[in-house]
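So you can see what is in the structure, the chains are spelled out below.
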Amino acid sequence: MSFDGVVTNAVVSEMQHTLLGGRITKIYQPSETDVLITIRAQRENHTLLFSVHPTYARFHVTKEKRANPKEPPMFCMVLRKHLEGSIVESIEQRGLERIITLKAKGKTEIGDASLKELTFELMGKHSNLILIDSETQQIVDSVKHLGPSVNRHRSVLPGRPYVEPPSQEKTNPLDATADDVLRIVDWNAGRIDRQLVNAFAGLSPLLAKEIVDRAGPGSKENIVEAFLSYVHIVREQKFKPIIYRKPKELFYAFPLAHLKAEGTEYTSPSLMLDAFFSGKAERDRVKQQSQDIAKLLTNEMKKNEKKLKKLQKTLKDAEKADMYQKEGELITAHMHLISYGDSSVDVIDYYDEEQPTIR
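Quick caveat: nothing in here was measured; it's all calculated off a predicted structure.

Engineer: Got a minute to help me understand the environment of Gly263 in this structure?
Structural biologist: Along the chain, the position of Gly263 falls in strand β12 (residues 263–265). On the basis of relative accessible area, Gly263 is assigned to the partly exposed category, the value being 37%. Along the primary structure Gly263 and Pro54 are separated by 209 residues, whereas in three dimensions their C-alpha atoms are 26 Å apart. In this structure, Gly263 is in contact with Ile242, Ile243 and Tyr244, ignoring residues within four places of it in sequence.

Engineer: Looking at this structure, I do not really get the sheet that holds strand β11 (residues 250–252). What am I missing?
Structural biologist: One key point about sheets: their strands pair by backbone hydrogen bonds, in either a parallel or an antiparallel sense. What the 3 strands build is an open sheet, ordered β11-β10-β12; its pairing is antiparallel. Across the chains shown, the open sheet's two edge strands, defined by having one partner strand only, are β11 and β12. When strand polarity is set aside, the average angle formed by the axes of neighbouring strands in this sheet is 20 degrees. Sheet topology note: the strand β10 (residues 242–244)/β11 ladder contains 3 bridges and is antiparallel. Its bridge partner lying in β11, Tyr244 is registered against Leu250. With respect to the sheet, helix α7 (residues 269–277) is in contact with β10 and β11, its orientation differing from that of β11 by roughly 170 degrees.

Engineer: Explanation requested: the environment of Arg194 in the structure shown.
Structural biologist: As for its position among the elements, Arg194 is in helix α4 (residues 192–199). Expressed as a C-alpha distance, the spacing of Arg194 and Lys260, which sit 66 residues apart in the sequence, is 21 Å.

Engineer: What exactly am I supposed to notice about the pairing of strand β7 (residues 113–121) here?
Structural biologist: Each regular strand displays side chains that alternate between the two surfaces of the sheet. Burial analysis of β7 places 7 of its 9 residues in the buried class, which makes it a mostly covered element. Summarising the sheet, strand β6 (residues 99–107) and β7 pair through 9 bridges and their orientation is antiparallel. In the sheet register, Lys107 faces β7, and the bridge partner there is Ala113. Between the end of β6 and the start of β7, which pair antiparallel, lie 5 residues, with Gly111 showing a positive phi angle near 95 degrees. Sheet analysis places β7 next to strand β8 (residues 128–133), joined by 6 bridges and oriented antiparallel. In the sheet register, Leu118 faces β8, and the bridge partner there is Leu131. If you look at the hairpin formed by β7 and β8, you'll find 6 residues sitting between the two strands, and Gly124 has a positive phi there, around 60 degrees.

Cut-off values and rules
Residues numbered from 1 in each chain as written. Predicted model: local features only at pLDDT ≥ 70, side-chain atom pairs only at ≥ 80, totals over all residues. Heavy atoms only, no water. Helix = DSSP H or I, 4+ residues; strand = E, 2+ residues; numbered from the N terminus. Buried < 20%, exposed > 50% of the residue type's maximum accessible area, 1.4 Å probe, protein only. Contact = heavy atoms within 4.5 Å. Pairing = 2+ DSSP bridges. Axes fitted to C-alpha atoms, helices over the stretch in contact; angles between N-to-C directions.

Dropping the structure here:
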């Protein structure tokens, strides 16, 4: 996944420069997975998107317009109650993990100060958006409710204490030194890129491959130097968001040389993400629906083709129905002539004026 801890850091850094001190003015939930929060900051309106879409989970400032339902979902109403009119005090990322917390200070219905935390856990199909009371650290509500039967480590339910996702016990790259890299990586185990992903938080396979590619075939020092050079980019916030369309669609917080492809650079991470995801989820939803409809029609057509064959056979058999009915009635009328085991019988056809004998 290219939306790793580094891209998350770039988006959070952008928001810290544009949204802090802003007032939350509007909150919408256009779909089950997407929440839009409009923040008035620096004399502009900024619409912040949180998406827990199973395939396109993300968060960024967006300019894309969405149609809203006539009746807001319950979670949207809870967010409006607790966050509308609040001031954004901080937006923080936990280490280089994909967990972001927006703290907003507002007032209760009786005018007392109230501090709430909106925590976004960006974990692919397990992503969640959780509203937490800062004083009690209890969950007010969340997009997805997870009971003990679903997650034994923690429950994500209103009224329950908030428990962070299980730690992977990885090292924060922003705190790493050359000695840390030399100590953590087993240089005889092969696949240095995989080891970097397993050892350091927030590193995607995409970035790990870039580090190994930049180091080239050489000594340990080359790997360490390449690793620290990218850590320096993150520390100094020297991001150059870019989208690659070929050989496959990818985005990242800065150019990746190992892809050996041309990309389009953007002035901010949000503009890049907006351009990359704009309409993508909707197109995929329509594509999935069209595939479901096509599958349904194909199955119905096959089922009806089988039914048609059976009906045609029945129709063909029915063409001799009158003859079968006549023979059946003649047999019934001459039952006294039939002995057990007979395969045929000679009877008088009393339906015919000449009353011939037929077999």
